[in-house]
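Examination of the molecular architecture
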Amino acid sequence: MICGKKTRQCRVVFHAPGYDLDATLDSGQAFRWQHEDGAWVGIVKGRWVRLVRAGQGIRAETVQDVTSWDWLSDYLQVNVRLDEVIAAFPTDKPLQEAVAACSGLRLLRQDPWECLASFILSSTKQIVQIKQIVGLLCERFGEPVAAPASATPAYAFPTATALAKVSEAELRRCKMGFRAPYLLAAAQAVARGELNLSALAGVETEEARTSLITLPGVGRKIADCVLLFAYGRQDAFPVDVWVSKALRELYFPEQLVTPKHLLEFSRTHFGPYAGYAQQYLFHYMRTRYASAP
DNA sequence: AACCAGGACACAA
DNA sequence: TTGTGTCATGGT
């Protein structure tokens, strides 16, 4: 680890051979990363971070001295043995093709509140639009975060407490439309302690899912996103329009399959890392025609 | 310019 | 239990 004392900048390199930053940071898990001249800039746990591939590793830069990098290695999940995850996948052709096409794609481990709020805003929105909404939300209601002078101003993701005080009309000005009352209700539930997000880390997946679904605007799909992307429940399998399309086209071509059947299939077919498999299928579907002739 | 987007919900049948 | 309309907004 090398720290530049004069500039207060601090750097580290995580050994992460094969880690695909582009796929991971831009695959609809997190919505705050921006691609800027070959690097990814984002805010993690209230810190400005710049990430860039460096040989077999990922170089990270912050603006403040950092004594421990656990917060970032945990977020990026650089220590997860991806080969073991993939080795545990079923060997069916569709999934193997997805794995081959998206090699190096990983699941992140995000902050529960940011993840929950972001996915409340995600319903029937394209990823670019979700990024825009989240960006506006942070700009208007998030605390300023120290960033390099040359960088654009940075803001932390607004806390539940901060958002709980905001009016629905103000939220709607962030272009979130009918999702505004949902976000506000979630913020208030968390701020009041009616929903303890920290406590969810210690309960069974099904119980955590039930708790999340009590929130208005949070159904099975959004709950599973939070369980998978924030709580590391790798058996959670969010089925959105893309994953639904992937399952239908790749596993049940020319067949009528109910959503319930798809959910049942997802629970039984993909094994202990079903959530990981889900992310590969999602990204595969979204990118497979992108570079086609 | 229609169509669709990492859905959820109330209500109908 | 399963199907349909609605919600708000902007990209493609």
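Placed above this text is the structure.
Section: the overall build of chain A
Scanning chain A from N- to C-terminus turns up 14 helices and eight strands. When the backbone C-alpha atoms are referred to their principal axes, chain A occupies close to 60 × 45 × 40 Å. Looking at the 293 residues of chain A, the share that counts as buried comes to 50%. Long-range contacts, defined as pairs at least 24 residues apart, comprise 66% of the intrachain contacts of chain A with a sequence gap of at least 6. Summed over all atoms, the accessible surface of chain A reaches about 14,200 Å², with 51% contributed by carbon and sulfur. Positive and negative side-chain charges in chain A, numbering 33 and 29 respectively, have mean positions lying 4 Å apart.

Quick notes on the packing of aromatic side chains
With the rule as written, the count across this model stands at twelve aromatic pairs. Where Trp33 meets Tyr75, the ring centres are 6.0 Å apart and the plane angle is 45°; that geometry is what we call tilted. In this pair, Trp33 is assigned in the loop between α1 (21–25) and β3 (34–36) and Tyr75 in helix α2 (residues 70–76), connecting sequence segments 42 residues apart. No difference in accessibility class separates Trp33 from Tyr75, as the two residues are buried. Through pairs of rings, three or more aromatic residues link up here, namely Phe237, Tyr251, Phe252, Phe265 and Phe270. The ring of Phe178 carries the charged tip of Arg179 above its face, separated from the ring centre by 4.1 Å. Sitting above the plane of the Trp242 ring, Arg286 keeps its charged end 5.9 Å from the centroid.

Things to note about the pairing of strand β2 (residues 10–15)
Of the two faces of β2, the one holding Cys10, Val12 and Phe14 is buried and the one holding Arg11, Val13 and His15 is not buried anywhere. Two strands pair when backbone bridges link them, and β2 and strand β6 (residues 57–62) are joined in this way by six bridges, in the antiparallel orientation. For Phe14, the partnering residue across the bridge sits in β6 and is Ile58.

Side note on the protein's contact with DNA strand C
Near DNA strand C, the surroundings consist of Thr124, Lys125, Gln126, Val128, Gln129, Arg172, Lys175, Gly177, Phe178, Arg179 and Lys260. A distance of 3.2 Å separates a sugar or linking oxygen of DNA strand C from a polar backbone atom of Phe178. Within the side chain of Arg179, an N or O atom sits 3.5 Å from a base nitrogen of DNA strand C. In terms of residue class, the surface near DNA strand C is made up of two nonpolar, four polar and five charged.

Here we look at the pattern of salt bridges
Tallying each qualifying case throughout the model produces 13 salt bridges. Two residues, Glu168 and Arg172, come together in a salt bridge whose shortest N-O distance is 3.0 Å. Here the residue Glu168 and the residue Arg172 both occupy positions in helix α8 (residues 168–172), the gap between them amounting to four residues, near one helical turn. The partly exposed category is assigned to Arg172, whose relative accessible area is 39%. Here Arg209 ties to Glu206 by a salt bridge, and the two come within 2.6 Å at their closest N and O atoms. Residue Arg209 and its partner Glu206 are located together in helix α10 (residues 205–213), separated by three residues, close to a single helical turn. A relative accessible area of 7% places Arg209 in the buried class. Residue classification places Glu206 among the partly exposed residues on the basis of a relative accessible area of 46%. Shared partners join several salt bridges into a network, and the residues in it are Arg11, Arg50, Arg59 and Glu61.

Brief notes about the protein's contact with DNA strand B
Contacts to DNA strand B come from 31 residues, most closely from Gly28, Gln126, Ile127, Gln278 and Gln279. Within the backbone of Ser27, a nitrogen or oxygen atom sits 3.5 Å from a base oxygen of DNA strand B. Take Asp240: an N or O atom from its side chain is 3.1 Å from a sugar or linking oxygen of DNA strand B. For the surface near DNA strand B, the secondary-structure elements that each account for two or more residues are α6 (127–141), α11 (220–229), α12 (241–251) and α14 (274–287). Looking at the surface near DNA strand B residue by residue, the class counts come to 14 nonpolar, eleven polar and six charged.

Focus on α6
Every α-helical turn comprises 3.6 residues, leaving residues that sit three or four positions apart pointing alike. A rise of 1.5 Å per residue sets the reference length of α6, with its 15 residues, at 21 Å; its end C-alpha atoms lie 21 Å apart and thus fit the reference within 8%. Among the residues of α6, Ile127, Ile130, Ile133, Val134, Leu136, Leu137, Cys138 and Phe141 are the ones counted as buried. Tucked into the core, α6 has its buried residues touching α5 (112–120), β8 (154–155), α7 (160–164), α8, α9 (180–191) and α14.

Notes on the packing of α12 against α14
Axis separation between α12 and α14 bottoms out at 9 Å; the angle between their running directions is 85°. The angle between the axes of α12 and α14 places the two elements in the roughly perpendicular class. Counted together, Trp242, Val243, Lys245, Ala246, Leu247, Glu249, Leu250 and Tyr251 of α12 and Gln278, Leu281, Phe282, Tyr284, Met285 and Arg286 of α14 form the full contact between these two elements. Within the contact of α12 with α14, the residues separate by chemical class into ten nonpolar, one polar and three charged.

What counts as what
Residues numbered from 1 in each chain as written. Chains lettered and ligands numbered in written order. Predicted model: local features only at pLDDT ≥ 70, side-chain atom pairs only at ≥ 80, totals over all residues. Heavy atoms only, no water. Helix = DSSP H or I, 4+ residues; strand = E, 2+ residues; numbered from the N terminus. Buried < 20%, exposed > 50% of the residue type's maximum accessible area, 1.4 Å probe, protein only. Contact = heavy atoms within 4.5 Å. Areas by Shrake-Rupley, 256 points an atom, 1.4 Å probe, with all protein chains shown as cover. Lys, Arg positive; Asp, Glu negative; His and termini not counted. Charge placed at Lys NZ, Arg CZ, Asp CG, Glu CD. Phe/Tyr/Trp six-rings, centres within 6.5 Å; stacked < 30°, edge-to-face > 60°. Lys NZ or Arg CZ within 6 Å of the ring centre and 35° of its normal. Pairing = 2+ DSSP bridges. Near = heavy atom within 4 Å. Polar contact = N/O pair within 3.5 Å; in protein donor to acceptor, adjacent residues only side chain to side chain. Nonpolar A, V, L, I, M, F, W, Y, C, P; charged D, E, K, R; others polar. Salt bridge = Lys/Arg side-chain N within 4 Å of Asp/Glu carboxyl O. Expected span 1.5 Å × (residues − 1). Axes fitted to C-alpha atoms, helices over the stretch in contact; angles between N-to-C directions. Parallel < 35°, antiparallel > 145°, perpendicular 65-115°, else oblique.

In short, the description is geometric, and any link to function would need to be established separately.
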